[in-house]
Amino acid sequence: ELQAHRHHLQDLVAERTTQLERAEFLNEQALELARAGPWRMDFSEGETHYISSPRTVEIFGDPPRPGFRYHILDDWYPRIADVDPGIARATYGNFLAALAGEVPRYDAVHPYRRPADGRVIWVHVLGQVTRGPDGRPAQLHGVVMDITAARQAEDALREAKEAADVANRA
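Just so we're clear, the structure is a prediction, and the values are computed from it rather than from any experiment.

(A) The side chain of Asp 75, seen in detail. Within the element layout of this structure, Asp 75 appears in helix H3 (residues 72-81). Here the side chain of Asp 75 touches Arg 65 through a polar contact of 2.8 Å, side chain to side chain. Here the side chain of Asp 75 touches His 71 through a polar contact of 2.7 Å, landing on its backbone nitrogen. Among residues more than four places away in sequence, those in contact with Asp 75 are Arg 65, Tyr 70 and Tyr 112.

Take a look at the structure:
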């Protein structure tokens, strides 16, 4: 009977492993299609660093770092502020509000100057705070999505509409 139980457990582990591998594959496919990548923060080390991912580093055009570790105020914030200081302040304020529990999650749209090529991209970032037993932030898990193409299409549509309005008035 012990042998049968052991085989049953091995079958369950194999089935769960297959399900997990399938879910990870589909997750990677979805992230690739969406031009998105995950990131996280672990507050046991303080609030100063985030851990990126290969996909997120590619989107941001960041230099590779050991462990994909980047500093909030030295790496991330200046690349937003270089494009628009007001948006940078608002984005950082939203981040702090999420940590404080004043908003349900970190949700921001902002520009980012890629250090790899100097090009400005637009991203939509979502993050969910998990809290420890003491109610303090324990971790922040999130996803960044490159929305540059959508922003460019919106800008082109707005410009075309404005040109049509000018032509109609003329």
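(B) How the structure looks around helix H4 (residues 85-100). Under the 1.5 Å per step criterion, the end-to-end length of H4 is 22 Å for 16 residues, consistent within 8% with the ideal 22 Å. Among the residues of H4, those classed as buried are Ala 88, Thr 91, Phe 95, Ala 97, Ala 98 and Leu 99. Its buried side turned inward, H4 meets strand S1 (36-42), H3, strand S4 (106-113), strand S5 (120-131) and strand S6 (137-146). Measuring from the side-chain oxygen of the N-cap residue of H4 to the backbone nitrogen of Gly 86 gives 3.0 Å; that N-cap residue is Asp 84.

(C) Layout of unusual backbone geometry. Even without glycine at this site, Phe 68 takes up a positive phi of about 55°. Tracing the backbone shows Phe 68 in the loop between helix H2 (54-60) and strand S3 (69-71).

(D) View of the side chain of Arg 79. Along the chain, the position of Arg 79 falls in helix H3. A polar atom in the side chain of Arg 79 sits 3.0 Å from the side chain of Asp 62. In this view, Arg 79 contacts Asp 62, Pro 63, Pro 111, Tyr 112, Arg 113 and Pro 115; residues no more than four positions away in its chain are not counted.

(E) Representation of the pattern of salt bridges within the structure. Counted by the stated rule, this structure contains nine salt bridges. A salt bridge links Asp 82 to Arg 113; its shortest N-O distance comes to 2.3 Å. In this pair, Asp 82 is assigned in the loop between H3 and H4 and Arg 113 in strand S4, connecting sequence segments 31 residues apart. Judged by its relative accessible area of 46%, Asp 82 falls in the partly exposed class.

(F) Seen up close, the packing of aromatic side chains. Scanning all chains against the criterion turns up seven aromatic pairs. Ring plane angle 80° and centroid distance 6.3 Å describe the contact between Trp 39 and Tyr 106, whose orientation is recorded as edge-to-face. Of this pair, Trp 39 sits in strand S1 while Tyr 106 sits in strand S4, and the two are 67 residues apart along the sequence. Judged on exposure class, the residue Trp 39 and its partner Tyr 106 are both buried. An angle of 75° between the planes, with centres 5.8 Å apart, marks the rings of Tyr 77 and Tyr 92 as edge-to-face. One end of the pair, Tyr 77, is in helix H3; the other, Tyr 92, is in helix H4, with 15 residues separating them in the sequence. Residue classification places Tyr 92 among the partly exposed residues on the basis of a relative accessible area of 23%. Cluster of aromatic residues (ring-pair linked, three or more members): Trp 39, Trp 76, Tyr 77, Tyr 92, Phe 95 and Tyr 106. Over the aromatic face of Trp 122 sits the side chain of Arg 151, whose NZ or CZ is 3.6 Å from the ring centroid.

Cut-offs used in this document
Residues numbered from 1 in each chain as written. Predicted model: local features only at pLDDT ≥ 70, side-chain atom pairs only at ≥ 80, totals over all residues. Heavy atoms only, no water. Helix = DSSP H or I, 4+ residues; strand = E, 2+ residues; numbered from the N terminus. Polar contact = N/O pair within 3.5 Å; in protein donor to acceptor, adjacent residues only side chain to side chain. Contact = heavy atoms within 4.5 Å. Expected span 1.5 Å × (residues − 1). Buried < 20%, exposed > 50% of the residue type's maximum accessible area, 1.4 Å probe, protein only. Salt bridge = Lys/Arg side-chain N within 4 Å of Asp/Glu carboxyl O. Phe/Tyr/Trp six-rings, centres within 6.5 Å; stacked < 30°, edge-to-face > 60°. Lys NZ or Arg CZ within 6 Å of the ring centre and 35° of its normal.

Scope: geometric values only; no functional claims are made or implied.
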